[in-house]
Amino acid sequence: MSSQDIPEENLPAERAADEHAHAHGDVSVAANEKDPFADPGLPPHEHRIQDIDERAAKRSERTVALLFTLSMLATVGFIASFVTIPADRIVYIFPLGHISGLNFALGMTLGLALFCIGAGAVHWARTLMSDEEMADERHAIAAEPEVKAKVLADFKQGAKESALGRRKLIRNTMFGALTLFPLSGIVLLRDLGPLPEDKLRHTLWSKGKLLVNMNTDEPLRPSDVAVGSLTFAKPEGLEEHDHDFQTEIAKAALMIVRLQPENIKDKQELEWSHEGIVAYSKICTHVGCPISLYEQQTHHVLCPCHQSTFDLSDGARVIFGPAGHALPQLRIGVNDEGYLEAHGDFEEPVGPAFWERG
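Residues numbered from 1 in each chain as written. Predicted model: local features only at pLDDT ≥ 70, side-chain atom pairs only at ≥ 80, totals over all residues. Heavy atoms only, no water.

Under an unreviewed UniProt entry, the name given to the protein is Cytochrome bc1 complex Rieske iron-sulfur subunit, and the organism recorded is Streptomyces tauricus. As recorded by UniProt, the Sequence similarities (unreviewed entry) comment attached to the protein reads in full: "Belongs to the Rieske iron-sulfur protein family." UniProt, in its Subcellular location (unreviewed entry) section for the protein, records the words "Cell membrane". (UniProt positions renumbered as here; feature names shortened; annotations may be inferred.)

Asker: What is the right way to look at the sheet that holds strand β7 (residues 293–295) in this model?
Answerer: The pairing of strands in a sheet comes from backbone hydrogen bonds and takes either a parallel or an antiparallel form. Within the open sheet, the four strands sit side by side as β7-β8-β9-β10. Their pairing is antiparallel. Sheet topology places β7 and β10 (317–320) at the edges, where each strand pairs with a single neighbour. Across the sheet, the mean angle from the axis of one strand to that of its neighbour is 30°, orientation sign disregarded. (Pairing = 2+ DSSP bridges. Helix = DSSP H or I, 4+ residues; strand = E, 2+ residues; numbered from the N terminus. Axes fitted to C-alpha atoms, helices over the stretch in contact; angles between N-to-C directions.)

Asker: How should I be thinking about the packing of aromatic side chains in this particular structure?
Answerer: Ring pairs (aromatic) are described by centroid distance and by the angle formed between their planes. Evaluation of the coordinates by the stated rule reveals zero aromatic pairs. Positioned above the aromatic ring of tyrosine 339, the side-chain terminus of arginine 221 is 4.1 Å from the ring centre. The positively charged end of lysine 282 is found above the aromatic ring belonging to phenylalanine 232, 3.8 Å away from the centroid. (Phe/Tyr/Trp six-rings, centres within 6.5 Å; stacked < 30°, edge-to-face > 60°. Lys NZ or Arg CZ within 6 Å of the ring centre and 35° of its normal.)

Asker: Just checking my understanding: could you explain the state of the cysteines for this structure?
Answerer: By definition, a disulfide links two cysteine residues through a covalent bond between their sulfur atoms. If you walk through the whole model with that rule in mind, you get one disulfide. Between the sulfur atoms of cysteine 289 and its disulfide partner cysteine 305 the distance amounts to 2.1 Å. Taking the torsion about the S-S bond as the criterion, the cysteine 289 to cysteine 305 disulfide, at about -105°, is left-handed. Placement of the pair is cysteine 289 in the loop between β6 (277–281) and β7 and cysteine 305 in the loop between β8 (300–302) and β9 (309–311), with a sequence separation of 16 residues. In this structure cysteine 305 comes out as partly exposed when scored by relative accessible area, which is 35%. (Disulfide = S-S within 2.5 Å. Buried < 20%, exposed > 50% of the residue type's maximum accessible area, 1.4 Å probe, protein only.)

Asker: How should I be thinking about unusual backbone geometry in this particular structure?
Answerer: With the exception of glycine, the majority of residues adopt a negative phi angle, and the majority of peptide bonds are in the trans configuration. With an omega of 0°, the peptide bond between phenylalanine 94 and proline 95 qualifies as cis. Assignment of secondary structure puts proline 95 in the loop between β1 (90–93) and β2 (97–100). With a phi angle near 60°, aspartate 217 is a residue other than glycine that sits in the positive phi range. Secondary-structure assignment places aspartate 217 in the loop between β3 (211–213) and β4 (230–235). Under the relative-accessibility criterion, aspartate 217 is labelled partly exposed at 38%. Look at histidine 299: it is not a glycine, yet its phi comes out positive at around 60°. In this structure, histidine 299 sits in the loop between β7 and β8.

Now the structure itself:
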């Protein structure tokens with residue numbers, strides 16, 4: 001507290017000067033006229049109710065403990081919200097309107113956890129810790145051994161006055177709040193990027209799933225695929241209005257070409273085809289561009305992005321360009337109703353740079 005915060009009539013020097021002036025009948029004689037930079041001193045210490053009433057101190061202790069406990073609950077709520085609330089869930093909250101439910105929950109719980117820790121610490125300091133003012137003279141930066149001993153003694157005295165050892169309820173709840181709160185930051189590390197797990201190794205294709213024409217949205221029959229034609233297909237059940245359509249089609253997009261069986265050089269490719277109809281991933285193994293150019297005479301498909309070229313008559317191996325791997329083939333057949341169907345998923349992951357990532 002500075003001298004500006006103290007009423008002049010409460011300053012010890014002013015009071016002494018006034019009393020002395022009145023006693024001698026000369027009010028013009030004052031101490032501040034003799035030395036305007038004199039230390040005004042400190043006002044008498046006023047005890048708080050918590051200093052003289054243990055019941056009030058207990059109430060303050062329970063208040064601080066409650067704030068620390070609320071911080072712990074808010075941290076648990078933060079983690080629960082992160083785990084249970086979908087990232088794309090939109091909720092209406094007056095007066096904010098339609099906002100992300102996850103962002104709102106994370107912000108509220110994290111803010112409450114921080115606020116309760118701060119409010120608990122402030123309330124603890126204002127009501128239970130020692131509030132006696134002490135004046136300490138400036139000293140040289142290089143502390144003398146005596147000063148170091150004094151600092152250590154002051155620290156021990158402050159620890160004693162904080163009643164941390166005696167107020168076990170505050171101590172335990174504070175440690176609990178400070179221990180749990182960092183978990184919020186650890187949980188946020190999870191949001192740096194989704195864990196791929198084995199999602200890159202699987203697509204929507206599975207045994208018995210029909211091949212659906214991307215243009216007509218109808219299941220394909222062998223008669224729908226002419227020799228020398230290029231048809232694009234998707235798995236049965238995947239619709240454009242699905243929220244994960246782009247994610248799934250980026251792995252499951254298929255191109256279908258019909259060759260003459262005698263023109264197929266690769267033995268496995270012939271076994272996995274049906275009457276010369278072969279199905280390969282449409283996703284280029286270079287940077288993931290969709291392959292869309294087909295040359296009938298050579299049976300080559302070309303990626304328009306960087307001109308990677310694949311030979312569909314020879315296991316879709318790379319014959320030109322920067323792509324490092326052949327296109328994955330999907331094993332297909334015909335069901336009892338005469339529709340083309342998959343006999344399982346791709347045997348190897350689709351898309352670019354998987355081997356470097358995995």
